[in-house]
Amino acid sequence: ALGDKWNLGFLAETERQVEAHLDGHLLSLPKQDERSRAIVNQMRLDEIQHAETAIQYGAVELPAMVKITMKVAAKAMTKATYRI
């Protein structure tokens, strides 16, 4: 309903937030678990590329309040998933 630039903006921001989430996983993985670290790092690189592609296609930068709302919603979903 908001148009392609906004849809791409949501996509780019989602990918950035997933990248940050994966950064947290990388920090928590044991250094010696090279296989898991390689998998998570590749996922992280994929997310970065997705965000960059969305930006190249004209994504708008979302307002800070929208980004915060997305982050809070993602945290709520993550916590709910752990409890289920």
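Calculation criteria
Residues numbered from 1 in each chain as written. Predicted model: local features only at pLDDT ≥ 70, side-chain atom pairs only at ≥ 80, totals over all residues. Heavy atoms only, no water. Helix = DSSP H or I, 4+ residues; strand = E, 2+ residues; numbered from the N terminus. Buried < 20%, exposed > 50% of the residue type's maximum accessible area, 1.4 Å probe, protein only. Salt bridge = Lys/Arg side-chain N within 4 Å of Asp/Glu carboxyl O. Contact = heavy atoms within 4.5 Å. 1 Å grid on protein atoms, 1.4 Å probe; cavity = no way out; pocket = protein on both sides within 12 Å on 5 of 7 lines; lining within 4 Å. Points joined across faces, edges and corners; volume = space filled by probe spheres on them. Nonpolar A, V, L, I, M, F, W, Y, C, P; charged D, E, K, R; others polar. Patch = residues over 30% accessible without salt bridge, like charges linked within 9 Å, V, L, I, M, F, W, Y side chains within 5 Å. Areas by Shrake-Rupley, 256 points an atom, 1.4 Å probe, with all protein chains shown as cover. Axes fitted to C-alpha atoms, helices over the stretch in contact; angles between N-to-C directions. Parallel < 35°, antiparallel > 145°, perpendicular 65-115°, else oblique. Left-handed = near helix turned anticlockwise from the far one by under 90°.

**Remarks on the environment of glutamate 52**
Logical step 1: Here glutamate 52 is to be found in helix H2 (residues 34-56).
Logical step 2: Its relative accessible area of 38% is what places glutamate 52 among the partly exposed residues.

**As for the pattern of salt bridges**
Logical step 1: A full pass over the atoms with the stated rule returns 5 salt bridges.
Logical step 2: Close ionic contact of aspartate 23 with arginine 44 constitutes a salt bridge, the shortest N to O distance being 2.5 Å. Of this pair, aspartate 23 sits in helix H1 (residues 4-28) while arginine 44 is found in helix H2, placing the two residues 21 residues apart along the sequence.
Logical step 3: Measuring nitrogen to oxygen at the nearest pair gives 2.2 Å for the salt bridge that ties glutamate 61 to lysine 67.
Logical step 4: Three or more residues are tied together by salt bridges with common partners; here these are Glu13, Arg16, Glu61 and Lys67.

**Quick look at the side chain of glutamate 13**
Logical step 1: With respect to the helices and strands, glutamate 13 occurs in helix H1.
Logical step 2: A residue is classified by how much of its surface remains accessible, and glutamate 13, at 7% relative accessible area, is buried.
Logical step 3: Apart from residues lying up to four places away in sequence, glutamate 13 is in contact with Leu62, Lys67 and Met70.

**Digging into the layout of surface pockets**
Logical step 1: One number sums up the size of the largest pocket: a volume of about 470 Å³.
Logical step 2: Looking at the largest pocket, it is lined by 14 residues, and the ones nearest its centre are Gln17, His21, Ala74, Lys75 and Thr78.
Logical step 3: The set of elements that each furnish at least two residues to the lining of the largest pocket consists of H1 and helix H3 (64-83).
Logical step 4: For the lining of the largest pocket, the per-class residue count stands at 5 nonpolar, 6 polar and 3 charged.

**Things to note about a nonpolar patch on the surface**
Logical step 1: Where nonpolar side chains cluster on the molecular surface, the patch consists of Met65, Ile68 and Val72 and spans about 320 Å² of accessible area.
Logical step 2: With respect to the helices and strands, the residue methionine 65 is situated in helix H3.

**Examining the packing of H1 against H2**
Logical step 1: Following both chains from N to C, one finds H1 and H2 inclined at 160°, their axes separated by 8 Å at the closest point. It follows that H1 is roughly antiparallel to H2 by the angle criterion. Relative to H2, H1 is oriented so that their crossing is left-handed. In this structure, H1 uses Leu8, Leu11, Ala12, Glu15, Arg16, Val18, Glu19, Leu22, Asp23, His25 and Leu26 to contact H2, whose residues at the interface are Arg37, Val40, Asn41, Met43, Arg44, Glu47, Ile48, His50, Ala51, Ala54 and Ile55.
Logical step 2: For the contact of H1 with H2, the residue count by class is 12 nonpolar, 3 polar and 7 charged.

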